[in-house]
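Structure at a glance
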Amino acid sequence: MTRFEKKIYFGKNLLFIMAILSLLLLSCENRKYLKPACTLPSGVNLEEALDHSEKDLGHLECEPMFDDYFVRLIDVAKRDPDMENKRRFSEFLEWAHDRGIIDKIQARSYYNRYFNTTFMSLPDDYNVCSSCTAETKQTIENQMENELRQKEEGLLKACRDKSAYYQASDQYNSILLLLDATCTSCRN
Amino acid sequence: MRTMTRIQSGRNRQQQLTCGIGLFLTVFIITRGEVFAAANTSPTIRLFPTTVIENIKHTGEAAKAMEADLQGVIDRLNQQEELYTASKCEGAEAEPGCSEIAAQLSQTYLEMLDLMEARLPGMEDSVRATGASLEKRIRKELGHKTTPRGLQKLLERTPQKPAKAPRYNRPSRKLSEKFRQYYNLVAMRPTADSSGSLAAVAAEIYLDTQEVQDLIALTRDEISRAKLMIDLDQAYGIITPEMFEMVAQVKTILFGETGEAGGIPAPPPGSTQAEYQSPLEQ
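Below: a short report on this structure. Keep in mind it's a predicted model, so treat the numbers as computed, not measured.

For chain A, the count of helices and strands is seven helices and zero strands. Along the chain direction, N to C, the helices and strands of chain A fall in the order α-α-α-α-α-α-α. When the 188 residues of chain A are sorted by exposure, 43% land in the buried category. Here the contacts in chain A between residues at least 6 apart in sequence split such that 66% fall between residues at least 24 apart. In the structure as shown, chain A presents an accessible area of about 10400 Å², 53% of it carried by carbon and sulfur atoms.

Here you go:
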């Protein structure tokens, strides 16, 4: 190979490498435009909203917004009420757990707070007397009140499950009565 | 002879064997029954031992006796009070008719105070005993043995009831009637399924006894004060607003407050569709 031919060969290689480098650079630039927008779902169709949310939450960037997505999905469900929504949300939460977006405890908490009569705000670690300081009791009562509102959103408005909601509401009253009496007895 | 003895001893053995098998079967059936019963029932919360039930019964009877004593006097007080108001005696106490009504009213008031002074200590003791025995049971069974979540689990065992108002409200009614109903509720043989509702009943009775004890203490103070005033001859024959307040307080203790909504509306009918059971449910 003559010296001239060597120069041409080297030039070709250089061009090839430069082309690859520029392609790589361009592809890096394009990532900006491929970044998911993490737009919260809207509309009146829960199935569509769930599909949209699953697509978005599949991206790492959207995962921290899981709670916002969930609350928005409840809003959508309220405009598309159906008894089947319990199953839809349960499957969505299981999907989120399988993808590692939320853990099992969080999944249970989300589901039971909105779609079951069990009050997750009630501690299950220590006995009732341990929860009877004025501050702790007040915190439990406030959290229960919030949870009753969540059950109203989930059971009553999103699922139209009136009997389950009224059962939860009835139990809320009875729990407050029991807590009051038990804490009075613990304090005396 | 020997043959006869042999036959007899053979019969005896047969009888013993039959008896043994019978006994074994009886023990087996009873034991099996107990095992099944134990398997079918969850741990029962004992809030109403016999002493508590007897205390409740006694409080109801004491309240009834006191109500019967006071009913006549309070009726008379009400009539005199109405007459006093209808005769427009307020501000015109010096009028001869009005001063007479006022004197009668004060007499009846004094009679009521005497009656209450005689009856209240017994009533107070009875309510205190009921409250104390229930307090001990509630503290032990619900306070120490149960978690807050456990309280809900306890309630979930009972059949569904109609929903109440947003926050619980203990209904006001005659004290004796309250305790009679409480007695009827708890004197029935409790089953494992009713432990949730019995817990709610226990809580209600206990809080009621606390409230009644406070009211009785207040009333006794008031009686002492009122009698002192009468002794000092400062209020005798003069109608004071305190008198009416006192009568109202007595009525609250014994007859409950009037004008409160008694019934609780039933919830709207729920969906008849089959319930979905999520694997996430707790």
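Time to look at the pattern of salt bridges. Counted under the stated rule, the structure contains 22 salt bridges over all chains. Residue A:Asp82 is joined to A:Arg88 by a salt bridge in which the shortest nitrogen-to-oxygen separation is 3.6 Å. A:Asp82 sits in the partly exposed class, given a relative accessible area of 26%. A:Arg88 sits in the buried class, given a relative accessible area of 16%. B:Lys145 is the salt-bridge partner of B:Glu141, the closest N and O atoms lying 3.4 Å from each other. Residue B:Glu141 is classed as buried on the basis of its relative accessible area of 5%.

Moving on, we get to the interface of chain B and chain A. At the interface, 46 residues of chain B touch 49 residues of chain A. Counting every contact that joins chain B to chain A gives one salt bridge. Where chain B meets chain A, there are 19 residue pairs in polar contact (both at pLDDT 80 or more). Of the residues forming the side of chain B that touches chain A, the biggest block, eight residues, is contributed by helix α4 (residues 148-156) of chain B. Tallied by class, the residues present in the side of chain B that touches chain A amount to 21 nonpolar, 13 polar and 12 charged.

This part is about unusual backbone geometry. Even without glycine at this site, A:Arg160 takes up a positive phi of about 55 degrees. Mapped onto the fold, A:Arg160 is located in the loop between α6 (134-158) and α7 (162-187). Its identity is not glycine, yet B:Lys88 carries a phi of approximately 50 degrees, on the positive side. Mapped onto the elements of the fold, B:Lys88 is located in the loop between α2 (50-86) and α3 (96-144).

Our next topic: a nonpolar patch on the surface. Nonpolar side chains collect at one region of the surface, where A:Phe16, A:Ile17, A:Ile20 and A:Leu21 lie side by side and expose about 400 Å² of accessible area between them. Mapped onto the elements of the fold, A:Ile20 is located in helix α1 (residues 3-34).

This brings us to the packing of aromatic side chains. What characterises a pair of aromatic rings is the spacing of the ring centres plus the angle enclosed by the ring planes. Residues and elements named next belong to chain A. This model, assessed by the stated rule, comprises 13 aromatic pairs over all chains. Measuring from ring centre to ring centre gives 6.3 Å for Tyr114 and Phe115, while their planes differ by 40 degrees; the resulting arrangement is tilted. Look at Phe115 and you get buried, because its relative accessible area is 1%. Ring geometry for Tyr165 and Tyr166: centres 5.6 Å apart, planes at 65 degrees, overall edge-to-face. On the accessibility criterion, Tyr165 (10% relative accessible area) is buried. With relative accessibility at 23%, the residue Tyr166 sits in the partly exposed group. Pairwise contacts between aromatic rings join Phe66, Phe70, Phe89, Phe92, Trp95, Tyr110, Tyr111, Tyr114 and Phe115 into one cluster. One Lys or Arg, Lys151, reaches over the ring of Phe119 and ends 4.9 Å from the middle of that ring.

Turning to the state of the cysteines, a few remarks are in order. All names here are of chain A. Taken as a whole and judged by the stated rule, the model has four disulfides over all chains. With a sulfur-sulfur separation of 2.1 Å, Cys38 is cross-linked through a disulfide to Cys62. What sets the handedness of the Cys38 and Cys62 disulfide is the S-S torsion sign, and at about -95 degrees it is left-handed. Separated by 24 residues along the polypeptide, Cys38 in the loop between α1 and α2 (46-57) and Cys62 in the loop between α2 and α3 (66-79) bring together distant segments of the chain. Residue Cys38 is classed as buried on the basis of its relative accessible area, which comes to 14%. Among the residues examined, Cys62 registers a relative accessible area of 0% and is labelled buried. Ordering the disulfide-forming cysteines of chain A by sequence position, one finds them joined as 1-2, 3-6, 4-5.

Now for the environment of A:Asn85. All names here are of chain A. For Asn85, the location among the structural elements is in helix α4 (residues 85-98). Residues Asn85 and Phe115, spaced 30 residues apart in sequence, show a C-alpha to C-alpha distance of 9.2 Å. Setting aside its immediate chain neighbours within four residues, Asn85 contacts Leu46, Ala77, Asp80, Ala158 and Cys159.

To continue, consider helix α5 (residues 104-115) of chain A. All names here are of chain A. Over its 12 residues, α5 extends 16 Å from the first C-alpha to the last, a length consistent with the 16 Å expected when each residue adds 1.5 Å. Residues of α5 that are buried include every one of Ala107, Ser109, Tyr110, Tyr111, Asn112, Tyr114 and Phe115, and no others. The secondary structure elements touched by the buried residues of α5 are α3, α4 and α6. Regarding α5, its N-cap is Asp103, as a side-chain oxygen of that residue lies 3.1 Å from the backbone nitrogen of Ile105 further along.

What follows deals with the packing of α3(A) against α4(A). Residues and elements named next belong to chain A. Between α3 and α4, the least distance of the axes is 12 Å, while the angle of their chain directions is 165 degrees. Judged by the inter-axis angle, α3 sits roughly antiparallel to α4. By crossing handedness, the relation of α3 to α4 is classed as right-handed. Taking contact as the criterion, the partners of Phe66, Phe70, Leu73, Ile74 and Ala77 in α3 are, on α4, Asn85, Phe89, Phe92, Leu93 and Ala96. Considering only residue class, the contact of α3 with α4 consists of nine nonpolar, one polar and no charged.

Cut-offs and rules
Residues numbered from 1 in each chain as written. Chains lettered and ligands numbered in written order. Predicted model: local features only at pLDDT ≥ 70, side-chain atom pairs only at ≥ 80, totals over all residues. Heavy atoms only, no water. Helix = DSSP H or I, 4+ residues; strand = E, 2+ residues; numbered from the N terminus. Buried < 20%, exposed > 50% of the residue type's maximum accessible area, 1.4 Å probe, protein only. Contact = heavy atoms within 4.5 Å. Areas by Shrake-Rupley, 256 points an atom, 1.4 Å probe, with all protein chains shown as cover. Salt bridge = Lys/Arg side-chain N within 4 Å of Asp/Glu carboxyl O. Polar contact = N/O pair within 3.5 Å; in protein donor to acceptor, adjacent residues only side chain to side chain. Nonpolar A, V, L, I, M, F, W, Y, C, P; charged D, E, K, R; others polar. Patch = residues over 30% accessible without salt bridge, like charges linked within 9 Å, V, L, I, M, F, W, Y side chains within 5 Å. Phe/Tyr/Trp six-rings, centres within 6.5 Å; stacked < 30°, edge-to-face > 60°. Lys NZ or Arg CZ within 6 Å of the ring centre and 35° of its normal. Disulfide = S-S within 2.5 Å. Expected span 1.5 Å × (residues − 1). Axes fitted to C-alpha atoms, helices over the stretch in contact; angles between N-to-C directions. Parallel < 35°, antiparallel > 145°, perpendicular 65-115°, else oblique. Left-handed = near helix turned anticlockwise from the far one by under 90°.

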